[in-house]
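# Results of the structural survey
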Amino acid sequence: MFGYYMELALRSLKRSRALTALMILAIALGIGACMTTLTVLHVLSGDPLPGRSATVFYPQLDPRDMTDYEPGTDLPDQITWVDGMNLLRSHRADRQALMVGGQVATQTTDEHTDPFFTQARYTTADFFPMFDTPFRYGQGWSSAEDDARSRVAVISSELNDRLFNGQDSTGRTVRADGNDLRVIGVLKHWRPVPHFFDLNMGNYSGSEDIYVPLGTARDLHLARMGGISCWGKGSGEESKMETAQCTWLQFWVQLDSPAKASAYLDFLTHYAQEQKAAGRFERPANVRMLDLMGWMNDQKVVPGDVRLQAWLALGFFAVCLINTIGLMLAKFMRRSGELSVRRALGASRGSVFMQLLMEAGMVGVVGGLAGLFLAWFGLWLVRLQPAMYAQLAHLDVPMLCLTIALAIGATLLAGVLPAWRACHVAPALQLKSQ
Amino acid sequence: MLKMTHLAKVYRTEVVETYALRDFNIDVKEGEFVAVTGPSGSGKTTFLTIAGLLETFTGGQYHLDGVEVSQLDDNARSRIRNEKIGFIFQAFNLIPDLNVFDNVEVPLRYRGMKAAERKQRIMDALERVGLASRAKHYPAELSGGQQQRVAIARALAGSPRLLLADEPTGNLDTQMARGVMELLEEIHREGATIVMVTHDPELAARAQRNVHVIDGQVVDLSEEPRFHAQPNVAHS
């Protein structure tokens, strides 16, 4: 019967082309608007570490003095060098990484090539396993190399393509701000969205091209970039950053169980109390540790207008669906004579219901495909916008599937009431009135 | 074949109950050709829709081919309509955007019949009503008489035990009506049970037996005719 229902649905849709076109247009517009904004929201609010984000945490401390102190004020978004190194060396987490962004002039040892600026990340060994970075060649550095401040680097596949034509460059030398670093690893393409581990560089900035041990970067005075917040005598002078009263580093830990997370928070509280007792911290001990998605949420990574647009588009889609329900109701009820004849000839209510639902489903499929095209067009328009996230607005496979499923599902839902009403028309009354 | 005993059909609103059928009794034997006659509003069509399981009844009993139908659900009633009953309507009720072949095919589709068997039955039915050559035509391309013949072919295609005809010649001119009536008589001679509702005495005279309905009840015309000045309405 499926084939028969489909045949009947096609006939019916062809018979009232204008009404069919209106329904398809309503669904397509609703789906197009909805999927454009939902795709942007999906891209911006996605989990950058699927399956791991619940075990990755961002500890925060408050090392500031009492100036402008008010209970309940927000904690600094970054930590000081001293606290970072203390926490790093305590090894209380399963993994931990201290980091800061930078920018370096990069080139090979070939004197004939011109250097160019690339985004850099100065970090510690656990960065790579903790964030599960994919390697094409080689691997990251070890804690021993962190301690030894080795002249090593991991580069991105894009930089490897540019400097070494995509060949295995491990063992070769890359020059950063005039310093030779031995390439020990080449990443595969890796661009976590959002750029969660350092929001100071922009929530949706691209990934770095070169990764250097933090200690090495400090030794070589590689240029640092990102936010900095100082108090008291902290000046932000680059040569005194290790001792300055400034927060400028990001610190991430991996804690593989809730018990470990709870224990680490206790440790953090204890650490803050110790620092206060030692006179380094002045404010009452105040710590916080959010998991990755909690941190994204706290930092309001997804722009508010994107959420608003998504809600507005969903509202618009609801209006489109209500219109579709009205159009379908009119269409189906207009055919109550034919449906009554079918009932008289042996069609059960269920058969008539399925026949009409098939018709609604076909409107959904075509409306969904048209909506997909409109969403594609809408995303192209989004990408023309100057916003940093604009370039990320692309339909991916899950959103593509969701578009089609949403269109069909919503249209079937819209078809249920009209189909239900139509299949409950009393055939005897209809046939008598004819 | 069709037996109704003390059947009643009441239409209820908040303030009034209207009896369309009251203490309605009829027994149609297999192979009979019965004409149900009566004035407009007497309940003939209500009887036919109940007989065809398109409407439920309020009281009494109805046995169709030995089955008491009052407790059947929609699926069972639909199946009986599809397999045992053929309808012929005054307004033909062909589906305008289906051609003749596809119109005749409708009841067979709901029976889940295979394509080859459907085709054979459709062509046989169209041959029988003399319209095999018009299989690809649409209803709008046919005369009223031809449309009614298609409707008869549609009713016959499923080999029903019972044919229910509601004023089958009501929308036709005399010549076309004669042709349709001759076709029904021929079908009856071949063994079909036919119940035909009509208010045309000439047409009714061609049936084996006449049943007269007045005010929702079967009346015996041999008795003195009864006249009802008031509508059969009981206020609740």
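Residues numbered from 1 in each chain as written. Chains lettered and ligands numbered in written order. Predicted model: local features only at pLDDT ≥ 70, side-chain atom pairs only at ≥ 80, totals over all residues. Heavy atoms only, no water.

### Digging into the overall build of chain A
Helix and strand counts for chain A stand at 14 helices and 13 strands. The C-alpha atoms of chain A give a radius of gyration of 30 Å, which is well past the 22 Å a tight globule of 434 residues would have. Seen along its three principal axes, the alpha-carbon backbone of chain A occupies a region of about 95 × 60 × 35 Å. Within chain A, buried positions represent 53% of all 434 residues. For chain A, restricting intrachain contacts to residue pairs at least 6 apart in sequence, the fraction spanning at least 24 positions comes to 75%. Put simply, chain A shows about 19100 Å² of open surface, and 58% of that area lies on carbon and sulfur atoms. Averaged over its 39 positive side-chain charges, chain A has a centre that lies 15 Å from the centre of its 40 negative ones. (Helix = DSSP H or I, 4+ residues; strand = E, 2+ residues; numbered from the N terminus. Rg over C-alpha atoms; globule rule 2.2 N^0.38 Å. Buried < 20%, exposed > 50% of the residue type's maximum accessible area, 1.4 Å probe, protein only. Contact = heavy atoms within 4.5 Å. Areas by Shrake-Rupley, 256 points an atom, 1.4 Å probe, with all protein chains shown as cover. Lys, Arg positive; Asp, Glu negative; His and termini not counted. Charge placed at Lys NZ, Arg CZ, Asp CG, Glu CD.)

### Some points on the packing of aromatic side chains
Here the structure, examined in full by the defined rule, presents 26 aromatic pairs over all chains. With 5.0 Å between their ring centres and 85 degrees between their planes, A:Phe127 and A:Phe131 make a pair best called edge-to-face. Residue A:Phe131 is classed as buried on the basis of its relative accessible area of 0%. Of the aromatic side chains, those joined through ring pairs into one cluster are A:Tyr58, A:Phe127, A:Phe128, A:Phe131, A:Phe135, A:Trp141, A:Trp190, A:Phe196, A:Phe197, A:Tyr211, A:Trp252 and A:Trp295. Directly above the aromatic system of B:Tyr19 lies the positively charged group of B:Arg22, at a separation of 4.2 Å from the ring centroid. Stacked on the ring of B:Phe101, the Lys or Arg B:Lys136 has its end atom at 5.2 Å from the ring centre. (Phe/Tyr/Trp six-rings, centres within 6.5 Å; stacked < 30°, edge-to-face > 60°. Lys NZ or Arg CZ within 6 Å of the ring centre and 35° of its normal.)

### Considering the pattern of salt bridges
Applying the stated criterion to the full structure yields 34 salt bridges over all chains. Between A:Arg288 and A:Asp298 there is a salt bridge, with its nearest N and O atoms 2.8 Å apart. Here A:Arg288 is found in strand 13 (residues 288-291), whereas its partner A:Asp298 is found in helix 9 (residues 292-298), with ten residues between them in sequence. Here A:Arg288 falls in the partly exposed class, since its relative accessible area comes to 29%. Given a relative accessible area of 31%, A:Asp298 falls into the partly exposed group. The partner of B:Lys29 in a salt bridge is B:Asp27, with the nearest N and O atoms 2.9 Å apart. A relative accessible area of 47% means that B:Lys29 is categorised as partly exposed. (Salt bridge = Lys/Arg side-chain N within 4 Å of Asp/Glu carboxyl O.)

### Some points on the state of the cysteines
All names here are of chain A. With the rule as written, the count across this model stands at one disulfide over all chains. One disulfide in the model links cysteine 230 with cysteine 246; its S-S distance is 1.9 Å. Taking the sign of the S-S torsion, about 110 degrees here, the bridge from cysteine 230 to cysteine 246 comes out right-handed. Of this pair, cysteine 230 sits in strand 10 (residues 229-230) while cysteine 246 sits in strand 11 (residues 246-247), and the two are 16 residues apart along the sequence. Judged by its relative accessible area of 32%, cysteine 230 falls in the partly exposed class. Unpaired in this structure, cysteine 401 has its nearest cysteine sulfur neighbour in cysteine 34, at a distance of 16 Å. (Disulfide = S-S within 2.5 Å.)

### Examining the packing of helix 1 (residues 2-15) of chain A against helix 12 (residues 349-383) of chain A
All names here are of chain A. Two numbers describe how helix 1 lies on helix 12: the axes approach to 8 Å, and their chain directions differ by 60 degrees. Considering the angle they form, helix 1 stands oblique to helix 12. The crossing of helix 1 and helix 12 is right-handed. For the pair formed by helix 1 and helix 12, the contact residues are Phe2, Tyr5, Met6, Leu8, Ala9, Leu10, Ser12 and Leu13 on the first element and Ser351, Met354, Gln355, Met358, Glu359, Met362 and Val363 on the second. (Axes fitted to C-alpha atoms, helices over the stretch in contact; angles between N-to-C directions. Parallel < 35°, antiparallel > 145°, perpendicular 65-115°, else oblique. Left-handed = near helix turned anticlockwise from the far one by under 90°.)

### Focus: unusual backbone geometry
All names here are of chain A. In this structure, proline 194 follows valine 193 across a cis peptide bond, with omega equal to 0 degrees. With respect to the element layout, proline 194 can be found in the loop between strand 7 (179-187) and strand 8 (210-213). Positioned with a positive phi, histidine 91 is a non-glycine residue whose angle comes to about 50 degrees. Looking at the secondary structure, you find histidine 91 in the loop between helix 3 (81-90) and strand 2 (95-108). Positive phi, normally seen in glycine, also occurs at aspartate 132, with a value near 55 degrees. As for its placement among the helices and strands, aspartate 132 is situated in the loop between helix 4 (127-130) and strand 4 (135-138).

### Points about the nonpolar core
Counting residues in each nonpolar core, the largest one holds 53 residues, and the members touching the most others are A:Leu38, A:Val40, A:Leu44, A:Val306, A:Leu356 and B:Val106. Put simply, the parts of the chain that give this core at least two residues each are helix 1, helix 2 (17-45), helix 10 (304-334), helix 11 (336-344), helix 12 and helix 13 (397-423) of chain A. Residues contacting A:Leu38, with those up to four places away along its chain left out, are A:Ala310 and A:Met399. Among the nonpolar cores identified, the runner-up in size contains 47 residues, and A:Val100, A:Val183, A:Leu249 and A:Tyr264 belong to it. (Core = buried A, V, L, I, M, F, W, Y, C linked by side-chain atoms within 4.5 Å.)

### Structural notes on the pairing of strand 8 of chain A
Residues and elements named next belong to chain A. Burial of the side chains of strand 8 extends over both faces: Ile210 and Val212 are buried on one face and Tyr211 and Pro213 on the other. In terms of strand pairing, strand 3 (residues 116-123) meets strand 8 through four bridges, oriented parallel. Bridged to threonine 123 within strand 8 is proline 213. Looking at chain direction, strand 5 (residues 152-155) and strand 8 are connected through two bridges and run antiparallel. Its bridge partner being in strand 8, isoleucine 155 is matched across the sheet by isoleucine 210. (Pairing = 2+ DSSP bridges.)

### A short note on the sheet that holds strand 7 (residues 162-166) of chain B
In any sheet, the strands associate via hydrogen bonds between backbone groups, in a parallel or an antiparallel arrangement. Residues and elements named next belong to chain B. Ordered in space as 6-7-8-3-9-10, the six strands form an open sheet in which the pairing is mixed. For this open sheet the edge positions go to strand 6 (85-88) and strand 10 (217-219), each flanked by a neighbour on one side alone. Averaged over all neighbouring strand pairs, the angle between strand axes comes to 25 degrees, with direction disregarded. Pairing between strand 9 (residues 209-214) and strand 10: three bridges, direction antiparallel. For valine 213, the partnering residue across the bridge sits in strand 10 and is valine 218. Seen against the sheet, helix 5 (residues 144-157) touches strand 6 and strand 7 and runs at an angle of roughly 170 degrees to strand 6.

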